[in-house]
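# What the coordinates show
Okay, here's what each chain looks like letter by letter:
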Amino acid sequence: MQRVKDQQLSTSTKPASIVIAHQNFISPLQDWIRFYCKLLDPTSLTHIFPVTKFLGLLATGTTANAKTLVQQARNEAVDFRYKYGYEMPVYVLARWIADKSQVYTQHAYMRPLGVVAMVLGIDDDNGPKLFKCDPAGHFFGH
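Presented here is a report on the structure given in the accompanying data block. Computed from a predicted structure; not experimentally measured.

### Regarding the overall build of the chain
Scanning the chain from terminus to terminus reveals 3 helices and 7 strands. For the chain, the α and β elements follow one another from N to C terminus as β-β-α-β-β-α-α-β-β-β. The buried share of the chain, taken over its 142 residues, is 37%. Taking the contacts inside the chain whose residues are at least 6 apart along the sequence as the reference set, 50% of them involve residues at least 24 apart. About 8,600 Å² of surface is accessible on the chain, with carbon and sulfur atoms providing 52% of the total.

Printed below as a string of structure tokens:
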């Protein structure tokens, strides 16, 4: 990996997240945290999952639900790329996660997902984006 200071990074800190706009997304995020955050244990970063090369997901809540959601999001992103021929935009993935979460709250026989997901990604048109999706099906961007 190249030195982090040689790369152009754009950071935005929130109470529970760090978003880094970079070409290769998740690995540089973890390397950046290891390099700049000396007090943070890098092995504690277990809730940041890569979805595609340009999309990542930070999940808080039930770990089993988070891993299932990430696997389904990966499948949805691959299907989107196969069907339309380009990478899935961040907005589309966030809307898909919110729709999926809302369906689980609609039926009495389905247990709602216990996951709050933050979708991190880089769009070709809009640049870096961050969306928060809650279990009720509401999502909004920063």
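### Quick look at the nonpolar core
One broad rule of soluble globular proteins: the nonpolar side chains tend to lie buried together. Grouped together as the largest cluster of nonpolar side chains are 23 residues, with contacts concentrated most on Val51, Leu57, Met88, Leu93, Ile97, Ala117 and Val119. Mapped by element, the contributors of at least two residues to this core are β4 (55-61), α2 (63-84), α3 (90-106), β5 (115-123) and β6 (127-133). Those residues within four positions of Val51 in sequence are excluded, and the remaining contacts are Gly56, Leu57, Ala73, Arg74, Ala77 and Leu93. Grouped together as the second largest cluster of nonpolar side chains are 5 residues, Ile48, Met118, Leu120 and Leu130 included.

### A word on the sheet that holds strand β3 (residues 48-50)
Pairing is antiparallel across the open sheet formed by 5 strands, whose spatial order is β3-β4-β5-β6-β7. Taken across any chain shown, the strands that pair with only one partner, and hence form the sheet edges, are β3 and β7 (139-141). Put simply, the sheet's adjacent strands are angled 20 degrees from each other on average, direction ignored. Judged from the 3 bridges that link them, β6 and β7 form a sheet pairing that is antiparallel. Bridge pairing in β7 places Lys132 opposite Phe140.

### Observations concerning the packing of α2 against α3
At their nearest, the axes of α2 and α3 sit 11 Å apart, and the two run at 130 degrees to each other. Between α2 and α3, the interaxial angle falls into the category oblique. Handedness of the α2/α3 crossing: right-handed. Here Leu69, Gln72, Ala73, Glu76 and Phe80 of α2 lie close against α3, whose contacting residues are Val92, Leu93, Trp96, Ile97 and Lys100. Residue composition of the contact of α2 with α3, by class: 7 nonpolar, 1 polar and 2 charged.

### Describing the pairing of β5
Taking burial as the measure, the 9 residues of β5 include 7 buried ones, the bulk of the element. Relative to β5, β4 runs antiparallel, the two sharing 7 bridges. Within β5, the position partnered with Leu57 by the bridge is Val119. Pairing geometry for β5 and β6, over 7 bridges, is antiparallel. Bridge pairing in β6 places Asp123 opposite Gly127. Connecting the antiparallel pair β5 and β6 is a turn made up of 3 residues.

Rules used throughout
Residues numbered from 1 in each chain as written. Predicted model: local features only at pLDDT ≥ 70, side-chain atom pairs only at ≥ 80, totals over all residues. Heavy atoms only, no water. Helix = DSSP H or I, 4+ residues; strand = E, 2+ residues; numbered from the N terminus. Buried < 20%, exposed > 50% of the residue type's maximum accessible area, 1.4 Å probe, protein only. Contact = heavy atoms within 4.5 Å. Areas by Shrake-Rupley, 256 points an atom, 1.4 Å probe, with all protein chains shown as cover. Core = buried A, V, L, I, M, F, W, Y, C linked by side-chain atoms within 4.5 Å. Pairing = 2+ DSSP bridges. Axes fitted to C-alpha atoms, helices over the stretch in contact; angles between N-to-C directions. Parallel < 35°, antiparallel > 145°, perpendicular 65-115°, else oblique. Left-handed = near helix turned anticlockwise from the far one by under 90°. Nonpolar A, V, L, I, M, F, W, Y, C, P; charged D, E, K, R; others polar.

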